[in-house]
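If you want the building blocks of each chain, they are given just below.
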Amino acid sequence: MQAVIDYLKQNQSRFIRELCDHVCFPSVSAQPQHRKDLQACAQWLTGHCRQIGLQTSLCPTDGNPVIVARTPRQKSASSRQRPHFLVYGHYDVQPAEPFELWTSPPFEPRIKGRSLFARGASDNKGQHLAHLNAVEAYLKTGTELPCDLTFVIEGEEEVGSKSLARFLRQHRKELRCDAVVISDTGIPSLKHPALTYALRGIAAFEITLRGPARDLHSGIFGGSVDNPAMALCQLLAQLRDENGRIVIPGFYDDVAPLSRFERKELARLPFNDRAYREFLGVPQLFGERGFTPTEQRTARPTLEINGLTSGYQGEGSKTIVPAWARAKVTIRLVPNQNPAPIIKLVHKQLAELCPATVRMEIKSGHGAEPYVVSPGSVKAQAALRALELAFRHKPVLMREGGSIPIVNDFKKILGADTLLLGLALPDDNAHSPNEKFDLDCFAKGQLMSAYLWQELGRG
Ligand code: BES
Ligand code: ZN
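Thresholds applied
- In this numbering scheme, every chain counts its residues from 1 along its sequence in written order.
- As they are written, the chains are lettered A onward and the ligands numbered 1 onward, keeping that order.
- Only residues with pLDDT of at least 70 are given local features in this predicted model, and only at 80 or more are side-chain atom pairs given and counted; all residues enter the totals for whole chains, interfaces and linings.
- To get the side-chain values, all heavy atoms of the structure are used, and hydrogens and water are removed first.
- A patch is a set of surface residues, each over 30% in relative accessible area and not in a salt bridge, joined within 9 Å for like charges and within 5 Å for the nonpolar side chains Val, Leu, Ile, Met, Phe, Trp and Tyr.
- Calculation of accessible area relied on Shrake-Rupley with a 1.4 Å probe; when residues are assessed, cover is drawn exclusively from the protein chains displayed.
- A side-chain nitrogen of Lys or Arg and a carboxyl oxygen of Asp or Glu constitute a salt bridge if their distance falls within 4 Å.
- In DSSP terms, a helix is any run of H or I states spanning at least four residues, a strand is any run of E spanning at least two, and both are numbered starting from the N terminus.
- Think of it in three bands: residues with accessible area under 20% of the maximum for their type are buried, residues over 50% are exposed, and the middle band is partly exposed, with areas taken using a 1.4 Å probe on protein chains only.
- At least two bridges found by DSSP between two strands is the condition for calling them paired.
- Distances up to 2.8 Å from the metal define which N, O and S atoms are donors, and 3.2 Å serves for Na, K and Ca; water is absent from the atom set, so sites may look incomplete.
- Square planar and octahedral assignments, for four and six donors respectively, both demand that opposite donors be over 155 degrees apart and that all other angles lie between 65 and 115; tetrahedral needs four donors with all angles between 85 and 135 degrees, and anything else is irregular.
- Axes, fitted as lines to C-alpha atoms, cover a helix only where it is in contact. Angles between the N-to-C directions of the axes lie from 0 to 180 degrees.
- Any two residues whose heavy atoms approach within 4.5 Å are treated as being in contact.
- When describing relative orientation, an angle under 35 degrees is termed roughly parallel and one over 145 degrees roughly antiparallel, while 65 to 115 degrees is termed roughly perpendicular and anything else oblique.
- Each crossing is labelled by how the near helix is turned from the far one, with a counterclockwise turn of less than a right angle marking it left-handed and a clockwise turn marking it right-handed.
- Throughout this entry, Asp, Glu, Lys and Arg are counted as charged residues, while Ala, Val, Leu, Ile, Met, Phe, Trp, Tyr, Cys and Pro are counted as nonpolar. The remaining residues, Gly among them, count as polar.
- The rule for a residue being near a molecule or strand is that one of its heavy atoms must lie within 4 Å of it.
- Throughout this description, a polar contact denotes any pair of N or O atoms lying within 3.5 Å of each other; where both atoms belong to protein, one of them has to be capable of donating a hydrogen while the other can accept it, and for residues adjacent in sequence the pair is counted only when both atoms sit in side chains.
- To be clear, the arc concerns the directions from the helix axis to the C-beta atoms.
- What counts as a disulfide here is a pair of cysteine sulfur atoms lying within 2.5 Å.

Enquirer: What is the right way to read a nonpolar patch on the surface from this model?
Expert: Residues I220, F221 and V225 make up a contiguous nonpolar surface patch of about 270 Å² in total accessible area. Positionally, I220 belongs in the loop between strand 10 (216–217) and helix 6 (228–237).

Enquirer: In this structure, what is going on with the pairing of strand 8 (residues 194–199)? I would like to understand it.
Expert: As a general feature of sheets, a regular strand has side chains that alternate between the two faces. A large share of strand 8 lies buried, amounting to 6 of its 6 residues. As paired elements, strand 8 and strand 16 (residues 396–400) share 5 bridges and run parallel to each other. Paired with A198 across the two strands is R399, which belongs to strand 16. Of the strand pairs in this sheet, strand 8 and strand 15 (residues 371–372) are connected by 2 bridges, and their pairing is antiparallel. Within the sheet, the bridge partner assigned to A198 lies in strand 15 and is V372.

Enquirer: Could you clarify how one ought to interpret the coordination of the zinc ion (ligand 2) in this entry?
Expert: Ideal geometry at a metal gives 109.5 degrees between four tetrahedral donors and either 90 or 180 degrees between six octahedral ones. The coordination sphere of the zinc ion (ligand 2), as far as protein atoms go, consists of D123 (OD), E158 (OE), E158 (OE) and H431 (NE2), spread over 2.0 to 2.7 Å. Every donor counted, the 6 donor atoms about the zinc ion (ligand 2) form angles of 53 to 156° at the centre, which fits irregular coordination. Mapped onto the sequence, the residues coordinating the zinc ion (ligand 2) show the spacing D-x34-E-x272-H. Note that D123 is positioned in helix 4 (residues 121–141) and E158 in the loop between strand 6 (148–154) and helix 5 (162–170), a separation of 35 residues in sequence.

Enquirer: Where do I start with the sheet that holds strand 14 (residues 359–368) in this structure?
Expert: To summarise the sheet geometry, strands pair through backbone hydrogen bonds and adopt either a parallel or an antiparallel arrangement. The 4 strands are arranged 11-13-9-14 in an open sheet whose pairing can be described as antiparallel. Taken across any chain shown, the strands that pair with only one partner, and hence form the sheet edges, are strand 11 (302–310) and strand 14. If you compare each strand with its neighbour and ignore which way they point, the axes differ by 15° on average. Note: strand 9 (residues 201–210) against strand 14, 8 bridges, orientation antiparallel. Bridge pairing in strand 14 links E206 to K363. Contacts from helix 10 (residues 339–353) reach strand 9, strand 13 (324–333) and strand 14, with the element oriented near 25° to strand 9.

Enquirer: Can you walk me through the packing of helix 5 against helix 12 (residues 406–414) in this structure?
Expert: The description of two packed helices rests on the angle between their axes and on the distance between the axes. Between helix 5 and helix 12, the least distance of the axes is 10 Å, while the angle of their chain directions is 15°. When the axes of helix 5 and helix 12 are compared, the pair comes out roughly parallel. Viewed along their axes, helix 5 and helix 12 form a crossing whose handedness is right-handed. For the pair helix 5 and helix 12, contact is made by L164, A165, L168 and R169 and by I406, D409, F410, I413 and L414, respectively. Among the residues forming the contact of helix 5 with helix 12, the class breakdown is 7 nonpolar, no polar and 2 charged.

Enquirer: Is there a simple way to think about the site of ligand 1 in this case?
Expert: Around ligand 1 sit 14 residues, and of these E157, D184, R332, S403 and H431 come closest. Contact between ligand 1 and R332: an oxygen atom at 2.8 Å from a side-chain N or O atom of the residue. Look at ligand 1: alone it shows 520 Å² of surface, and the protein chains cover 86% of it. Residues that form the shell around ligand 1 fall into these classes: 2 nonpolar, 6 polar and 6 charged.

Enquirer: What am I meant to see in helix 1 (residues 2–10) here?
Expert: Every α-helix carries 3.6 residues per turn, so stepping three or four residues along brings you back to the same face. Looking only at helix 1, the buried set comprises V4, I5, Y7 and L8. Down the axis of helix 1, the buried side of the element spans an arc of 160°, and every buried residue falls inside it. Along helix 1, exposed side chains directed more than 90 degrees from the buried face belong to Q2, K9 and Q10.

Enquirer: Explain the pattern of salt bridges here, please?
Expert: Side-chain pairs of opposite charge can arise where the charged atoms are in close proximity. Counted by the stated rule, this structure contains 27 salt bridges. The residue E136 makes a salt bridge to R14 at a minimum N-O spacing of 2.6 Å. Remark: R14 occurs in helix 2 (residues 12–23) and E136 occurs in helix 4; sequence separation between them is 122 residues. Given a relative accessible area of 2%, E136 falls into the buried group.

Enquirer: How do you make sense of the state of the cysteines when you look at a structure like this?
Expert: When the sulfur atoms of two cysteines share a covalent bond, that bond is a disulfide. Tallied over the entire structure, the rule returns 0 disulfides. Here C24 stays free of any disulfide, with the sulfur of C20 as its closest cysteine sulfur at 7.0 Å. With relative accessibility at 38%, the residue C24 sits in the partly exposed group.

Enquirer: What's the story with the packing of helix 2 against helix 3 (residues 35–51) in this structure? I'm lost.
Expert: Two elements in contact, helix 2 and helix 3, have axes whose closest approach is 9 Å; the angle formed by their N-to-C orientations is 155°. What the angle tells us is that helix 2 and helix 3 run roughly antiparallel. Where helix 2 approaches helix 3, its residues E18, D21 and H22 are matched on the opposing element by C41, W44, L45 and H48.

Enquirer: Please clarify how the sheet that holds strand 4 (residues 110–112) should be interpreted in this entry.
Expert: Here we have 3 strands laid out as an open sheet, ordered 4-5-18, and antiparallel in their pairing. The open sheet terminates on both sides in strands that have one partner only, identified here as strand 4 and strand 18 (436–438). If you compare each strand with its neighbour and ignore which way they point, the axes differ by 25° on average. Where strand 4 meets strand 5 (residues 115–117), 3 bridges bridge the pair, whose relative direction is antiparallel. Across the sheet, residue K112 finds its bridge partner in strand 5, namely S115. Sheet strands in contact with helix 13 (residues 439–457) are strand 4, strand 5 and strand 18, and its direction is about 55° off that of strand 18.

Enquirer: Help me understand the side chain of N434 in this model?
Expert: By secondary structure assignment, the location of N434 is in the loop between strand 17 (418–420) and strand 18. On the accessibility criterion, N434 (15% relative accessible area) is buried. Setting aside residues up to four positions removed in sequence, N434 forms contacts with L101, W102, T103, S104, F117, D428 and N429.

Below you can see the structure in the form of structure tokens.
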């Protein structure tokens, strides 16, 4: 094991250079013009996996390719079957817009202090590379890996992981495993390594209200026809009360209440109201009554407008009644809510509330169920030991508010639970301008991965 640790230490600067190479690809899955960049990124990653000694295939799908990379299979010395773990990651990234808010271009990595700035550095390229670095250290030093590993790295996580779900069904036999390991969540700080045991689910939709057949002069016609932008604001505003509680009949029916134990655990996470407020730049916090901010953002459902478009967006003014207005909306779900029935409820409520003066269209988007797993399992205990060995601090148990759609498919299709061992810091600016990855998190993540295979291998 010492050889592995030494190898990691000695190769840090090359690992950082490789991370820089990886983040140069603008692999934005939401934007069709980046299809080729996703392919190029997948090819680079395939080459990288082969170079470090993994048996690697670049698998085409109807969408972006999936990379499957296996450690060379060894025979177990005893007759016992060697444990098999799947390591998941994604090479696609969120759109980098608005570009003008980046202090350096999003796909030209810059290192400042201990931070590497680039879109995708934290979510998720740095995090899956950390695992690849650890495995490289085992393979290149000839240290026996106590388990068989298969990396599955996809290119559609940020848009709902549709192709990978199909891929899992087609390859369920080869991918059968004892558990899945994912580093694609966060930790409160370098002093608080964490095992995440729950994620929120998601239900996305796009709503369009159409009014007049074309944009109209608002002086000549305004007053006699409804304004779709106004109607949309009024309609969406009725879905939530002033504290963010969703006011759709039946919406909370399936929400599992938080146990006393969980509330106590979540209350142990570091939190400072003022620092949080200043960090996010808001004049005051917001949220559902009766819950702490940590609970509100990880364990309670929410409804958010992610995008809102209508009318004239250029400079100066243009006096029109716009022909249409559109909003992109997502709802975060918690156990035991399901996206399909929730979307139905929302649809019904919107149909009831929508005035007759506009026509409504709703397009459903991606959906994912929430996820929870027991933090008390033998494997979770092994993961906690690996975290403590690498970070040299006692790990915390936490929930996360974000979603990783594929974790439910791992459970349903492969029967495997997921260990969520994130490496992102709260100020990594995931999905925001100036995303960065902390190079100490990178190094600690490599160590954590190296220890993890030892700890999991012990059985
Ligand atoms: N890495 C995130 C998920 C995440 C981030 C979980 C932080 C917990 C804490 C992932 O890449 C992501 O952003 N997922 C999307 C999924 C959606 C587009 C279907 C999300 O949560 O918005
Ligand atoms: Zn993301």
